[in-house]
Amino acid sequence: MSKQEQRNKISRMLRTSNRNRNVLRWGSGETDAHITMKFNICKQLKEWGHEFYTEAIFEPSGLRADVIDADTGVVYEVHNTEPNDSLVRKAQNYPLEVRFVDANVDFEEKMLL
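Residues numbered from 1 in each chain as written. Predicted model: local features only at pLDDT ≥ 70, side-chain atom pairs only at ≥ 80, totals over all residues. Heavy atoms only, no water.

### Structural notes on unusual backbone geometry
The peptide bond linking glutamate 59 to proline 60 adopts the cis configuration, its omega dihedral lying at 0°. By the secondary structure assignment, proline 60 is in the loop between strand S1 (52-57) and strand S2 (64-69). (Helix = DSSP H or I, 4+ residues; strand = E, 2+ residues; numbered from the N terminus.)

Below you can see the structure in the form of structure tokens.
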């Protein structure tokens, strides 16, 4: 599958109103650490030339992802104080691979590999 076909496949999984490519979005209830980690993930993906979405909503489930790498089909979920059972449920319900990133540690590129 070509890179563009992969990107289109991911885009079609998302609610049309949430297809804001390569834009950092965040919610009012997110901590500074959470927002900063999302920024660092997006910055790294941009440096790699990847297309990404933030706060995108999957159709038809309505699940909202922190960051989606459209080039690899990976969801990065930033967690702060979320309990492990909630993380397990997310991993089971998202239609893509999920990788969890702790908002309370320093960002390193290897977190995304």
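### Re the pairing of S1
Taking burial as the measure, the 6 residues of S1 include 6 buried ones, the bulk of the element. Of the pairings in the sheet, the one linking S1 to S2 comprises 5 bridges and is antiparallel in character. Paired with alanine 56 across the bridge in S2 is alanine 65. (Buried < 20%, exposed > 50% of the residue type's maximum accessible area, 1.4 Å probe, protein only. Pairing = 2+ DSSP bridges.)

### Structural notes on the pairing of strand S3 (residues 74-79)
A regular strand places its side chains so that they alternate between the two faces of the sheet. Most of S3 sits out of view: 6 of its 6 residues are buried. Alternating positions in S3 separate into two faces, Val74, Tyr76 and Val78 on one and Val75, Glu77 and His79 on the other, with burial throughout. Pairing of S2 with S3, which is carried by 3 bridges, proceeds in the antiparallel orientation. The residue bridging isoleucine 68 from the neighbouring strand is valine 75, located in S3. Inspection of the sheet shows S3 paired to strand S4 (residues 97-102) by 6 bridges, in the parallel sense. When the bridges of S4 are listed, valine 78 appears paired with valine 101. One crossover worth recording links S3 to the parallel S4 by way of helix H3 (residues 84-93), and it is right-handed. (Right-handed = clockwise from strand over helix to strand, strands pointing away.)

### Details of the confidence of the model for the chain
When the pLDDT values of the chain are averaged, the result is 94; 100% of them are 70 or greater. Ranking the helices and strands of the chain by mean pLDDT puts helix H2 (residues 32-47) first, with 97, and H3 last, with 88. (pLDDT = per-residue confidence, 0-100.)

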